[in-house]
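# Overview (structure and organization)
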Amino acid sequence: GRVVFVDFSTKNNESARVVLRATLMKDEDETTKSKRFALSLLKPVAEAFDVAPWADASVEPCNDPANEAAAEYVEFMFKDQFVSRADLWRFKRLVIGRTLHVGQHVAVGGMRASTNVLRAKESCGVLASGCVVASTRLTFRTRSSRIFWLVQLSYESWEPTGGADGATHVERLVDGFAAPLLQRWRKLDVNHSLSVVLFARVSGGGIERHRDVYRVVLENEAASKAEPATLVSALKRELVAFAASLASVVPPNELRVCRAADGNVLEAINLTLNVLEKHYMDRDVQRTGNSIVLISAGSGVFAVDARLARVTKQRMMDNGIGMDMLSLAVPPLHTAPIFMHRGINNTKATAYE
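All of the points below concern the structure found in this document. (Residues numbered from 1 in each chain as written. Predicted model: local features only at pLDDT ≥ 70, side-chain atom pairs only at ≥ 80, totals over all residues. Heavy atoms only, no water.)

## Some remarks on the overall build of the protein
Cut-off, in case you're wondering: By the criteria applied, helices consist of DSSP H or I runs no shorter than four residues and strands consist of E runs no shorter than two, each listed in order from the N terminus. Relative accessibility under 20% of the residue-type maximum defines a buried residue, over 50% an exposed one, and the middle range a partly exposed one, all with a 1.4 Å probe and only protein chains included. Per-residue accessibility takes into account occlusion by the displayed protein chains alone, with areas from the Shrake-Rupley method and a 1.4 Å probe.
Each helix and strand counted, the protein has seven helices and 18 strands in total. Counting the 353 residues in the protein, one finds 39% classified as buried. Accessible surface computed for the protein: about 20,200 Å², of which carbon and sulfur atoms make up 51%.

Here's what the structure looks like:
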């Protein structure tokens, strides 16, 4: 087919122009030039642009798609499949030259994706459609990834956040983050695999230094199958049970939960990396991407061991794993997060990273 411009009227009597690929008929004689033809559009295309039925439309060939109908930016969504970086490169090569519109499903090279966002060049004057060229910037997002929530329970977790509602950091975690996010996932029909780990550092009871405590709340829970209210209730129960279980580690009268800045943040991250760095073994072919979300009641400042910080950074770079940090506290006046550690050779100078 050939790239064409189609001008038509929507159901709201608004003029619109889109880019499509169509097969043009050749004129056999002079009499066909004066005839009016019926233009048929696929139902998904007509619904995407709200085309009015039996409306007048005009078709104009595009002689230079790279300049007249090029898409500047396209965002694709993957779901329920594993796509490697090599597959993404092949997908980009195969999709060049195709005309796309928002909401269109694309299947090339054994990969399935849907067009979530498409922005054409302003000079084209088209509506949410365009032709993918070599200069088009492509973004890939997944709706079925493997997500780990690392929830740090520190001394500040049971203190008020300082807001007008008087809620504690734990309440803000459940009601202000987990519940709305799970509801949004259900609305977007995503299928993430969610694992939630609680961790804390305690001292007291004759312990020379400290003791790190971990508790797995959810493990590989499919967000699309479980009700958000059920997951939120399970998270609330485990938060209460985890706080009570700390008394079994240290006597209650001597228990002291460390502050967020002195917590076992890097240790928890490395435990997660132990799982993610073996992603090639017994791979889940319905998941694309791994993500770590660290949730803390602190302000984003952590005192860490210098060698452990260096090892953690190297492991994350080697495996291509990123991490996002969510602070439940009031935003500080400085850049966060900040990792403070002493010099590699045990020098007295404090380094910031």
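## Overview of the sheet that holds strand β9 (residues 137-142)
Inclusion rule: Note on pairing: DSSP must find at least two bridges between two strands before they are called paired. The convention used is that axes are lines fitted to C-alpha atoms, helices contributing only their stretch in contact, and that angles between N-to-C directions extend from 0 to 180 degrees.
Ordered in space as β6-β7-β4-β9, the four strands form an open sheet in which the pairing is mixed. Of all the strands in the sheet, just β6 (105-108) and β9 have a single pairing partner and so form its edges. Each adjacent strand pair in this sheet contributes to an overall mean axis angle of 35 degrees, direction not counted. Two elements, β6 and strand β7 (residues 111-120), share four bridges in a ladder whose sense is antiparallel. The residue bridging V108 from the neighbouring strand is M111, located in β7.

## Let's talk about a nonpolar patch on the surface
Note the cut-off: For patch building, the residue pool is restricted to those with more than 30% relative accessible area and no salt bridge; the joining distance is 9 Å between like charges and 5 Å between nonpolar side chains (Val, Leu, Ile, Met, Phe, Trp, Tyr). A pairing counts as a salt bridge when a side-chain nitrogen of Lys or Arg comes within 4 Å of a carboxyl oxygen of Asp or Glu.
Nonpolar side chains collect at one region of the surface, where L39, L41 and V59 lie side by side and expose about 230 Å² of accessible area between them. Structurally, the position occupied by L41 is in the loop between β2 (15-22) and α1 (43-48). Given a relative accessible area of 31%, L41 falls into the partly exposed group.

## Examining the nonpolar core
Note the threshold: Residues belong to one nonpolar core when they are buried, are Ala, Val, Leu, Ile, Met, Phe, Trp, Tyr or Cys, and are joined through side-chain atoms within 4.5 Å. Any two residues whose heavy atoms approach within 4.5 Å are treated as being in contact.
One finds W149 and V196 to be the most contacted residues of the largest nonpolar core, which totals 33 residues. The element that contributes the greatest number of residues to this core is helix α4 (residues 169-188), accounting for seven residues. Leaving out residues up to four positions away in the same chain, W149 has contacts with F177, A178, L181, L182, W185, L194, S195, V196, V197, V293 and I295. Of all hydrophobic cores here, the second largest spans 18 residues; its members include L266, L273, I292 and M316.

## Some details on the environment of R287
Rules: In protein, a polar contact requires one atom able to donate a hydrogen and another able to accept it; more generally it is a pair of N or O atoms within 3.5 Å, and residues adjacent in sequence count only if both atoms are side-chain atoms.
Among the structural elements, R287 can be located in the loop between α6 (265-276) and β14 (290-296). Sequence-wise, R287 and K79 are 208 residues apart; in three dimensions their C-alpha atoms are separated by 7.6 Å. Among the polar contacts listed, one links the side chain of R287 to the backbone oxygen of N191, at a separation of 3.4 Å.

## Comments concerning the pairing of strand β4 (residues 71-78)
Counted residue by residue, β4 has seven buried out of eight residues, so it is predominantly covered. As defined by bridge partners, β4 adjoins β7 across six bridges and the pair is classed as antiparallel. Bridged to E75 within β7 is V117. Judged from the six bridges that link them, β4 and β9 form a sheet pairing that is parallel. Looking at the pairing, V74 lines up with L138 of β9.

## Here we look at the environment of S15
Locating S15 in the fold gives a position in strand β2. As a C-alpha pair, S15 and A57 span 42 residues in sequence and 9.9 Å in three-dimensional space.

## So, the packing of aromatic side chains
Rules: Only Phe, Tyr and Trp rings take part, Trp by its six-membered ring, and two of them pair if their centres are within 6.5 Å. Stacked means planes under 30 degrees apart, edge-to-face means over 60, and tilted covers everything else.
Under the defined criterion, the tally for this structure stands at nine aromatic pairs. When the ring of F78 is compared with that of F91, the centres are 5.6 Å apart and the planes differ by 70 degrees; the resulting orientation is edge-to-face. Placement of the pair is F78 in strand β4 and F91 in helix α3 (residues 85-95), with a sequence separation of 13 residues. Between the aromatic rings of W149 and W185, the centroid separation amounts to 6.1 Å while the plane-to-plane angle is 45 degrees, which identifies the pairing as tilted. With W149 in strand β10 (residues 146-152) and W185 in helix α4, this pair connects stretches of sequence that are 36 residues apart. Judged on exposure class, the residue W149 and its partner W185 are both buried. Aromatic rings pair up to connect F76, F78, F91 and F140 into one cluster.

## Quick look at the sheet that holds strand β1 (residues 2-9)
Overall, antiparallel pairing links the three strands, which are arranged β2-β1-β3 in an open sheet. Each end of this open sheet is capped by a strand with a single partner; those strands are β2 and β3 (58-61). Strand-to-strand twist in this sheet, taken as the mean axis angle between neighbours without regard to direction, amounts to 25 degrees. Sheet analysis places β1 next to β3, joined by four bridges and oriented antiparallel. Bridge pairing links V6 to V59 in β3.

## Quick notes on the pattern of salt bridges
Side chains that carry opposite charge are capable of pairing whenever their charged atoms lie near each other. Applying the stated criterion across every chain yields a total of 12 salt bridges. Ionic pairing is found between R17 and E60, a salt bridge with its closest N-O pair at 2.9 Å. Residue R17 is found in strand β2, and its partner E60 is found in strand β3; the two are separated by 43 residues along the sequence.

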